[in-house]
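The lines below spell out each chain.
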Amino acid sequence: MSMDAKTHHLFIGCRKPQKMIVMDAENGKVEASLPIGVGVDATKIMDGKAFASCRDGSLTVASEKAGKFDVEQVVKTPEGARTMGVDETSHLIYLPTAELEPATTGRPNPKPGTFMIVVVGRH
């Protein structure tokens, strides 16, 4: 969950159903329910955009236009890149992950020596 202190909107990543809920923090009204990927781990706010990073290799980007929230784009990321940090100075998003072994039960294990940080930014 993250909060936009300027607009008082909460952005809540939900796993079941796979949605990013946008809620007005002042009155509790749900303003949007946006589709996201499987296995959400984090939501963040930067430059008026909301981001949801998911285990399935998707980074959902949402924004508000004319009072309505919509998904702007879905950025393909490596599977497992679900933890997220943002740098508001450089306007970059950082997603740590590793190459994953096929899962036989539960979560897949990272392959040794494959740790990486994926950097996402605008062109």
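This text gives an overview of the structure that appears in the document.

Definitions and cut-offs
- Residues numbered from 1 in each chain as written.
- Predicted model: local features only at pLDDT ≥ 70, side-chain atom pairs only at ≥ 80, totals over all residues.
- Heavy atoms only, no water.
- Helix = DSSP H or I, 4+ residues; strand = E, 2+ residues; numbered from the N terminus.
- Contact = heavy atoms within 4.5 Å.
- Pairing = 2+ DSSP bridges.
- Buried < 20%, exposed > 50% of the residue type's maximum accessible area, 1.4 Å probe, protein only.
- Patch = residues over 30% accessible without salt bridge, like charges linked within 9 Å, V, L, I, M, F, W, Y side chains within 5 Å.
- Areas by Shrake-Rupley, 256 points an atom, 1.4 Å probe, with all protein chains shown as cover.
- Salt bridge = Lys/Arg side-chain N within 4 Å of Asp/Glu carboxyl O.
- Axes fitted to C-alpha atoms, helices over the stretch in contact; angles between N-to-C directions.

**Concerning the side chain of T77**
Here T77 lies in the loop between strand 8 (68–76) and strand 9 (85–87). Setting aside residues no more than four positions away along its own chain, T77 makes contact with G57, S58, L59 and L95.

**A look at the pairing of strand 4 (residues 30–35)**
Bridge analysis of strand 3 (residues 19–24) against strand 4 gives five bridges, and the strand direction is antiparallel. When the bridges of strand 4 are listed, K19 appears paired with P35. Adjacent in sequence and paired antiparallel, strand 3 and strand 4 are bridged by five residues, among which G28 carries a positive phi angle near 80 degrees.

**Focus on unusual backbone geometry**
Phi is mostly negative for residues that are not glycine, and the peptide bonds are mostly trans. Each neighbour pair has its own omega, and for K16 with P17 the value is 0 degrees, a cis peptide bond. Of note in the backbone geometry, H8 takes a positive phi value of approximately 60 degrees without being a glycine. Assignment of secondary structure puts H8 in the loop between strand 1 (2–4) and strand 2 (9–14). The class for H8 is partly exposed, based on a relative accessible area of 30%. Here the phi dihedral of D47 falls at roughly 55 degrees; this positive angle occurs in a residue that is not glycine. With respect to the helices, strands and loops of the structure, D47 is situated in the loop between strand 5 (40–46) and strand 6 (49–54). Taking the relative accessible area as the measure of exposure, D47 reaches 44% and is therefore partly exposed.

**A short note on a nonpolar patch on the surface**
Side chains of Y94, F115, I117 and V119 sit close together on the surface and give an oily, nonpolar patch of about 400 Å² of accessible area. Here Y94 shows up in strand 10 (residues 92–97). Judged by its relative accessible area of 31%, Y94 is partly exposed.

**Notes on the sheet that holds strand 10**
Strand pairing within a sheet occurs via backbone hydrogen bonds; the two strands may be parallel or antiparallel. One open sheet accounts for three strands, arranged 9-10-11; its pairing is antiparallel. Only two strands of the sheet have a single partner each, and these edge strands are strand 9 and strand 11 (116–120). The sheet shows a mean angle of 25 degrees between the axes of neighbouring strands, direction not considered. As paired elements, strand 9 and strand 10 share three bridges and run antiparallel to each other. Of the residues in strand 10, the one forming a bridge with V86 is I93.

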